[in-house]
Amino acid sequence: MTVHGVDTALTLFAAGTLTRTQAARKAGVDLDRFDELCRRRGIERVTAAVDPSGPAGINAD
């Protein structure tokens, strides 16, 4: 866990860019620790703007 990685993950989570799981992984911590970091920084749970099912299929035809 690096300070920069944690800051980046928290920022992206707060913006709704990453899901909670994705942000915790990027920060290099487990979900419990990530939740603690969010509480300490006043970040509430955010509904991610990304589609958790992955990228949409695009038909080029």
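Up top is the structure these notes are about.
Residues numbered from 1 in each chain as written. Predicted model: local features only at pLDDT ≥ 70, side-chain atom pairs only at ≥ 80, totals over all residues. Heavy atoms only, no water.

Another point: the side chain of Asp35. Take Asp35: it is sitting in helix α3 (residues 31-41). Assessed through its relative accessible area of 13%, Asp35 is described here as buried. Side chain to side chain, Asp35 and Arg20 meet in a polar contact 2.8 Å long. If we ignore the near neighbours within four places in the chain, the residues touching Asp35 are Arg20 and Arg45. (Helix = DSSP H or I, 4+ residues; strand = E, 2+ residues; numbered from the N terminus. Buried < 20%, exposed > 50% of the residue type's maximum accessible area, 1.4 Å probe, protein only. Polar contact = N/O pair within 3.5 Å; in protein donor to acceptor, adjacent residues only side chain to side chain. Contact = heavy atoms within 4.5 Å.)

Position of Ala14 among the secondary structure elements: in helix α1 (residues 3-14). Separated by 28 residues in sequence, Ala14 and Gly42 have C-alpha atoms that sit 9.8 Å apart.

Moving on to the packing of aromatic side chains. All chains considered together, the criterion is met by one aromatic pair. A centroid spacing of 5.3 Å and a plane angle of 80° characterise the contact between Phe13 and Phe34, whose relative ring orientation is edge-to-face. Of the two residues, Phe13 is situated in helix α1 and Phe34 in helix α3; the sequence distance between them amounts to 21 residues. For Phe34, a relative accessible area of 1% corresponds to the buried category. (Phe/Tyr/Trp six-rings, centres within 6.5 Å; stacked < 30°, edge-to-face > 60°.)

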